Amino acid sequence: MKKKTKLIHGGIFGDEHTGAVSVPIYQVSTYKQDGPGRPKGYEYSRTGNPTRHALEELIKDVEEGDRGFAFSSGMAAMSAIMMLFSQGDHILLTDDVYGGSFRLMTKVLNRFGLEATFIDTSNLGNIEKEIKGNTKALFLETPTNPLLKVTDIAGAASVAKQFGLLTIVDNTFSTPYWQNPLTLGADIVLHSATKFLGGHSDVVAGLAAVNDKIIGDKLHFIQNSTGGVLGPQDSWLLLRGMKTLGIRMEEHEQNTKEIVKFLERHKHVLKVYYPGLKHHPNHEIAKRQARGFGSMVSFDVGSEEKAEEVLRRLNYFTLAESLGAVESLISIPALMTHASIPAARRKELGITDGLIRLSVGIEDIEDLIGDLEQALKL
Ligand SMILES: *Cc1c(COP(=O)(O)O)cnc(C)c1O
């Protein structure tokens, strides 16, 4: 099955009891048993729910794994994955991970004795140097937020394997439509499904998939024990959203290519960050490991004042955190998504005050370019 077909026919198609073509919302917490300890398949919805199960089967299939999981948010998915580790363990992470991932590791899980080191994984040579006796996992985000840095997943996973580490990939930006980390050697893939998978700015959710039975059993044990599961209504919204992921991603990317061309030529734009650009440092790796370059693009207009002026003038780019929706969204990372990262650290990473991040939507491209054109008349 190819990707768009799999998004529609993967997982569980419809409802075997009624013939309904879409999976119903099983709004239920508990299930009648045939006898004590003899459930028909479900016993309690924290442990398993048919609507959530259909979604878990779908993410498993589209990520080419053998088990899927749905959580109440991307951060709940990451928290559960981190609970696979124990006090005293050490995790290596990509240095410009999502701000909330950085916060989880440095303000919450550190208190439980989980150590974290943040390194530039886009340069594979940096990984081995930082592996210590207690290092248990390599956590990659690629492409990253907001500088669109790209890590060679297969290369990094092979270093991790040599040292017995698990490789975990946050695949939110690429989505399974463009990139499948499990097929590149990763052990766990996770998503903020709030973004492209949902796609309509109406649901907060997290998904994960694994391709190993032991890891799958452990993660299910944690999901059930800690309880950050996705409810049936939100599971259904994601099932609905994911059916159109393919056509949305194609359209998002088509628009992004045009916008990148426009920004590259613009005199007030100092720099454009996009993995599809030939001068992107890891363009060749992006081309090799992903089927598309995605629809996140960042550009620098030189100062916070200019960035704010551009924002004020735009009509079709909604000022909002989040990304991956049908509507175009815009943000200033230094003031918004990355505000929880200390200013000195932001500077080190290259997240300048004049940096603007676009999540390009699927509106008509003429309207989007026209809007940017008038907003950039600084
Ligand atoms: C939004 C986001 C998250 C967090 O997901 P939530 O659904 O907001 O909890 C994690 N990683 C990346 C790359 C994100 O963009």
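Model, not experiment: these values are computed from the prediction.

A.B. asks: Is there a simple way to explain the overall build of the protein chain in this structure?
C.D. replies: When helices and strands are counted, the protein chain shows 14 helices and twelve strands. A globule of 378 residues ought to have a C-alpha radius of gyration of about 21 Å, and the protein chain, at 21 Å, matches this closely. Principal-axis analysis of the C-alpha atoms gives the protein chain an extent of 75 × 50 × 35 Å. Classification of the 378 residues of the protein chain by burial places 56% in the buried group.

A.B. asks: Please explain the environment of H90 as it appears in this structure.
C.D. replies: By secondary structure assignment, the location of H90 is in strand β2 (residues 90-94). Under the relative-accessibility criterion, H90 is labelled buried at 0%. Linking H90 and D152, residues 62 residues apart in sequence, is a C-alpha distance of 21 Å. Residues contacting H90, with those up to four places away along its chain left out, are E115, A116, T117, E130, K132, N134, T135, K136 and A137. Side chain to side chain, H90 and T135 meet in a polar contact 2.7 Å long.

A.B. asks: In this structure, what is going on with the side chain of S298? I would like to understand it.
C.D. replies: Of note, S298 is situated in strand β9 (residues 296-300). Among the polar contacts listed, one links the side chain of S298 to the backbone oxygen of P146, at a separation of 2.5 Å. Beyond its immediate stretch of four places on either side in the chain, S298 contacts P146, L148, K271, V272, Y273, L355, I356 and R357.

A.B. asks: Just checking my understanding: could you explain the sheet that holds strand β7 (residues 206-210) for this structure?
C.D. replies: As a general point, the strands of a sheet are linked pairwise by backbone hydrogen bonds and lie either parallel or antiparallel. Judged by pairing direction, the sheet is mixed, and its seven strands sit side by side in the order β1-β7-β6-β5-β4-β2-β3 without closing on themselves. The open sheet is flanked by β1 (67-71) and β3 (115-119), the only strands paired with a single partner. Across the sheet, the axes of successive neighbouring strands diverge by a mean angle of 20°, strand direction being ignored. Strand direction decides the pairing type here: strand β6 (residues 188-192) and β7, joined by five bridges, are antiparallel. Counted as the bridge partner of I188 is V210 from β7. Where helix α3 (residues 74-82) meets the sheet, it contacts β1, β2, β4 (135-141), β5 (166-170), β6 and β7, and its direction lies at approximately 155° from that of β6. Its contacts with the sheet place helix α6 (residues 153-162) against β4 and β5, and it is angled at close to 175° to β4.

A.B. asks: What am I meant to see in the site of the ligand here?
C.D. replies: Around the ligand, the neighbouring residues are S73, G74, M75, Y98, E141, D170, T172, S192, T194, K195, A205 and L323. Taking S192, its side chain carries an N or O atom lying 2.8 Å from an oxygen atom of the ligand. Within the side chain of K195, one N or O atom sits 2.7 Å away from an oxygen atom of the ligand. For the shell around the ligand, the class distribution of residues is four nonpolar, five polar and three charged.

A.B. asks: Looking at this structure, I do not really get the UniProt feature "modified residue: N6-(pyridoxal phosphate)lysine" (unreviewed entry) in the protein chain. What am I missing?
C.D. replies: Under the present numbering, the feature "modified residue: N6-(pyridoxal phosphate)lysine" (unreviewed entry) in UniProt falls on K195. Here K195 is in contact with Y98, T172, S322, L323 and G324, once residues within four sequence places are set aside.

A.B. asks: Sorry if this is basic, but what is going on with unusual backbone geometry here?
C.D. replies: Of all residues except glycine, most have a negative phi; of all peptide bonds, most are trans. The omega torsion across T142 and P143 is -5°, close enough to zero to call that bond cis. Geometrically, the link from N145 to P146 is a cis peptide bond, its omega value of 5° lying close to zero. Following the sequence through the fold, P146 ends up in the loop between β4 and α6. Backbone geometry at T175 places phi at a positive 65°, although glycine is not the residue there. When you line up the elements, T175 lands in helix α7 (residues 175-178). By relative accessible area, which is 1% here, T175 ends up buried. The backbone of S201 sits at a positive phi, close to 50°, despite the residue not being glycine.

The rules behind each value
- Residues numbered from 1 in each chain as written.
- Predicted model: local features only at pLDDT ≥ 70, side-chain atom pairs only at ≥ 80, totals over all residues.
- Heavy atoms only, no water.
- Helix = DSSP H or I, 4+ residues; strand = E, 2+ residues; numbered from the N terminus.
- Rg over C-alpha atoms; globule rule 2.2 N^0.38 Å.
- Buried < 20%, exposed > 50% of the residue type's maximum accessible area, 1.4 Å probe, protein only.
- Contact = heavy atoms within 4.5 Å.
- Polar contact = N/O pair within 3.5 Å; in protein donor to acceptor, adjacent residues only side chain to side chain.
- Pairing = 2+ DSSP bridges.
- Axes fitted to C-alpha atoms, helices over the stretch in contact; angles between N-to-C directions.
- Near = heavy atom within 4 Å.
- Nonpolar A, V, L, I, M, F, W, Y, C, P; charged D, E, K, R; others polar.
- UniProt positions renumbered as here; feature names shortened; annotations may be inferred.

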